[in-house]
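# Architecture at a glance
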Amino acid sequence: MFRTRVSVTTLVVALAAAACGGTATTSTDPPDTAAGTSSASFPYTVESGGVRTVVASQPVAIVSLSPTATEMLFAIGAGPQVVAVDEYSYHPPEAPVTDLSGFTPNLEAIASYGPDLVVVSDDIDGIASALDEVGIPVLVLPTATMVDDAYRQIRVLGGATGRVEEAETLASDMQAEIEALVAGVAGSPGPLTYYHELGSDGGGSFYSVTSSTFVGEVFGAFGLENVADPADVDGFGYPVLSVEFIIDADPDLIFYTSCCGDTPETISARPGWDSIEAVRSGALYELDDDLSSRWGPRLVEFFRIVAEALRR
């Protein structure tokens, strides 16, 4: 989703803001979907992201301002109900991309599509109450802080769109695949350490994540130890690391995102990095930045990349 070094800063700030407010935004498990009910039921009521949503009947005109929610909607078969998505919701290819913004949502622009449900990842500028005032239900699905949040949000979308059975199947299949991937590398030599690079500030420092983040939980599921954890002195979850810190930490594995044009060759050529174990052994693995910043159905691919790295 983010293709420049400047945009990496935007990503870090957005993820960090969501993480700081995450404790009050995980109530997304309504009774009917939690119990695995296979039939749709309306009106559907759920509280998520601090916002209570009531969907009176199965929506036929959904606007999604969340790339992750867009992927989830199409994966559960609700694609035909989606009439517009934000500018970054370019997966799957058939998603009806517009110039709507999830970062600066505009009430008039959203309402022009005649939605009977709007899905957002954050209640920015009070957009939820603004939509409610004009009679448009809005569902807030905040940035996941745990892997389980992904399964819950899929089930919530299933309830809100009348796709309960499809959502339950997707969530259950994802969980089973992920558990199998983790189990498939159980007993690997360890513990191994890793460094996950989001990008650079252009001045010799690098953005990373800690074990307390959603991304960190993915790596932690495999028993990997995050070298960035000691640098997170304020508990922010997204420390900025110096070159010296990374070299001294000497990670066994390095994962980097595709946003900034880096390659194993460019990383290996950085001054002093040839002393790092991951560089010496060639344990440098690219992650598509969408896979590491979204928690939808392609989360399985994120786990698969880590599992394959540990099998080498």
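What counts, and where the lines are drawn
- Residues numbered from 1 in each chain as written.
- Predicted model: local features only at pLDDT ≥ 70, side-chain atom pairs only at ≥ 80, totals over all residues.
- Heavy atoms only, no water.
- Salt bridge = Lys/Arg side-chain N within 4 Å of Asp/Glu carboxyl O.
- Helix = DSSP H or I, 4+ residues; strand = E, 2+ residues; numbered from the N terminus.
- Buried < 20%, exposed > 50% of the residue type's maximum accessible area, 1.4 Å probe, protein only.
- Pairing = 2+ DSSP bridges.
- Axes fitted to C-alpha atoms, helices over the stretch in contact; angles between N-to-C directions.
- Contact = heavy atoms within 4.5 Å.

Under the definition given, this model contains 11 salt bridges. In this structure, Glu 177 and Arg 304 form a salt bridge, with 3.5 Å as the shortest nitrogen-oxygen distance. Of this pair, Glu 177 sits in helix H7 (residues 164-184) while Arg 304 sits in helix H12 (residues 299-311), placing them 127 residues apart in sequence. Judged by its relative accessible area of 37%, Glu 177 falls in the partly exposed class. For Asp 290, the salt bridge is made with Arg 294, and the minimal N-O distance between the two is 3.5 Å. When its relative accessible area of 3% is taken as the criterion, Asp 290 is described as buried. Classification of Arg 294 by relative accessible area gives buried; the value is 4%.

Next up on the list: the pairing of strand S11 (residues 253-257). For S11, a buried count of 5 out of 5 residues is recorded, marking the element as mostly surrounded by other parts of the structure. Neither face of S11 is left uncovered, since the one carrying Leu 253, Phe 255 and Thr 257 and the one carrying Ile 254 and Tyr 256 both have all their residues buried. Strand direction decides the pairing type here: strand S7 (residues 193-200) and S11, joined by 4 bridges, are parallel. Across the sheet, the residue bridging to Tyr 194 is Leu 253, located in S11. Sheet topology note: the S11/strand S12 (residues 284-287) ladder contains 4 bridges and is parallel. From the neighbouring strand, Tyr 256 faces S12, where its bridge partner is Glu 286.

Here we come to the sheet that holds strand S4 (residues 82-85). Pairing is parallel across the open sheet formed by 4 strands, whose spatial order is S4-S3-S5-S6. Each having just a single partner strand, S4 and strand S6 (138-140) make up the two edges of the open sheet. The mean inter-strand angle of the sheet, taken between neighbouring strand axes irrespective of direction, is 20°. Pairing between strand S5 (residues 117-120) and S6: 3 bridges, direction parallel. If you follow Val 120 over to S6, its bridge partner there is Val 140. Across the sheet, helix H3 (residues 67-75) is in contact with strand S3 (62-64), S4 and S5; its angle to S3 comes to roughly 140°.

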